[in-house]
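Fold and geometry: a report
As a plain string of letters, each chain reads:
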Amino acid sequence: MKIIMLGAPGAGKGTQAKKIAEKYQIPHISTGDIFRANIKNGTELGKKAKTYMDQGLLVPDELVVDLVVDRVAQDDCENGYVLDGFPRTIPQAESLDAALAKMGQKVDYAIDVDVPDENIVNRMSGRRACVGCGATYHIKYNPPKTEDVCDICGEKLILRDDDKPETVLKRLTVYHDQTQPLIDYYTKSGVLKQVDGTVDMEDVFQAIVKILGA
Ligand code: AP5
Ligand code: ZN
């Protein structure tokens, strides 16, 4: 099962991708997480990516496409994967399709988690991310057991640098300009499925399970 998560920043792609990966036992591949890990480790890729991410801009296609194409060709992706945050531009989607076609594969589902812009800033300002394991919480909708401490690894929880309101607004503009056209792209290829992302996290997941099958 090869799944792509679509949706605005903060729509809940990461939250749902983790649940999908767990239920269907497939890898969760988040380009945002890959970049954040590279930033944390001070790699060249991380340094380059950070200059774009901090401004709410997309990292250039050439820095992300090969990375994902190599990742989905690995052995643990044989039975599928859930891509979270990729593709984000039409050229990325075309590169992915071309690479999959060479392997005799194709995208099975593109799941669009639909949340209106009005809800997004509120969600992002309440999001907290773990500096240790990358787990995501929300101070109101999904709070940790102890304030600012990760339930999983005990490390500190922080507000992501790009979750400041002014950067979130920029990310939303970039989303509408560059990523939303993918909804048409995947509608045309017949794999688009939309779910209402404004309801409770568990209800969003149940809607996705209905699409993917139990
Ligand atoms: P990335 O990390 O992918 O950020 P994003 O797409 O902006 O998405 P987010 O991680 O912010 O949100 P999400 O939809 O996963 O929501 P979440 O589940 O956390 O990318 C970051 C940056 O990296 C980009 O700006 C770009 O610069 C770069 N980048 C990454 N991929 C790239 C690519 N392919 N090409 C170029 N550049 C790339 O949920 C949000 C909050 O809401 C959480 O607190 C959560 O607990 C809460 N929540 C979730 N669901 C619900 C619900 N149903 N009800 C209430 N609260 C909820
Ligand atoms: Zn953690």
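Structural data are supplied above this passage.
To start, this report covers the structure provided alongside it. On a predicted model such as this, the values are computed, not experimentally measured, just so you know.

Let us now look at the overall build of the protein chain. Looking only at helices and strands, the protein chain features 9 helices and 8 strands. Whereas a compact globule of 214 residues would reach a radius of gyration of roughly 17 Å, the protein chain reaches 16 Å, a difference of no more than 12%. C-alpha extents for the protein chain along the principal axes are approximately 45 × 40 × 35 Å. The 214 residues of the protein chain split such that 33% are buried.

Taking 1.5 Å of rise per residue, 12 residues should cover 16 Å, and helix α4 (residues 61-72) covers 17 Å from first to last C-alpha, within 8% of that figure. Among all positions of α4, only V64, V65, V68 and V72 are buried. End-on view of α4: buried residues confined to an arc of 105°, all on one side of the axis. Seen from the buried face of α4, the exposed residues on the opposite side, beyond 90 degrees, are E62, D66 and D70. Looking at the buried positions of α4, the neighbouring elements they touch are β2 (28-30), α2 (31-40), β3 (81-84) and α5 (90-102).

Ordered by their spatial adjacency, 5 strands build an open sheet running β2-β3-β1-β4-β8, and the pairing between neighbours is parallel. Whereas interior strands pair on both sides, the edge strands pair on one side only; in this sheet they are β2 and β8 (192-196). Averaged over all pairs of adjacent strands, the angle between strand axes in this sheet comes to 20°, irrespective of strand direction. Summarising the sheet, strand β1 (residues 2-6) and strand β4 (residues 109-114) pair through 4 bridges and their orientation is parallel.

This brings us to the environment of S95. Inspection of the secondary structure puts S95 in helix α5. Note: C-alpha distance between S95 and V69 (26 residues apart in sequence) is 8.5 Å.

Here the focus is helix α1 (residues 13-24). Here α1 contains 12 residues, and its C-alpha end-to-end distance of 16 Å stays within 8% of the 16 Å for a straight helix at 1.5 Å per residue. All of the buried residues along α1 are K13, G14, T15, Q16, A17 and I20. Immediately downstream of α1, the backbone of Q25 shows phi near 55°, a positive value.

About the thresholds
- Residues numbered from 1 in each chain as written.
- Chains lettered and ligands numbered in written order.
- Predicted model: local features only at pLDDT ≥ 70, side-chain atom pairs only at ≥ 80, totals over all residues.
- Helix = DSSP H or I, 4+ residues; strand = E, 2+ residues; numbered from the N terminus.
- Rg over C-alpha atoms; globule rule 2.2 N^0.38 Å.
- Buried ≥ 20, exposed ≤ 12 C-beta atoms within 10 Å, placed from the backbone.
- Expected span 1.5 Å × (residues − 1).
- Arc of directions from axis to C-beta.
- Contact = placed C-beta atoms within 7 Å.
- Pairing = 2+ DSSP bridges.
- Axes fitted to C-alpha atoms, helices over the stretch in contact; angles between N-to-C directions.

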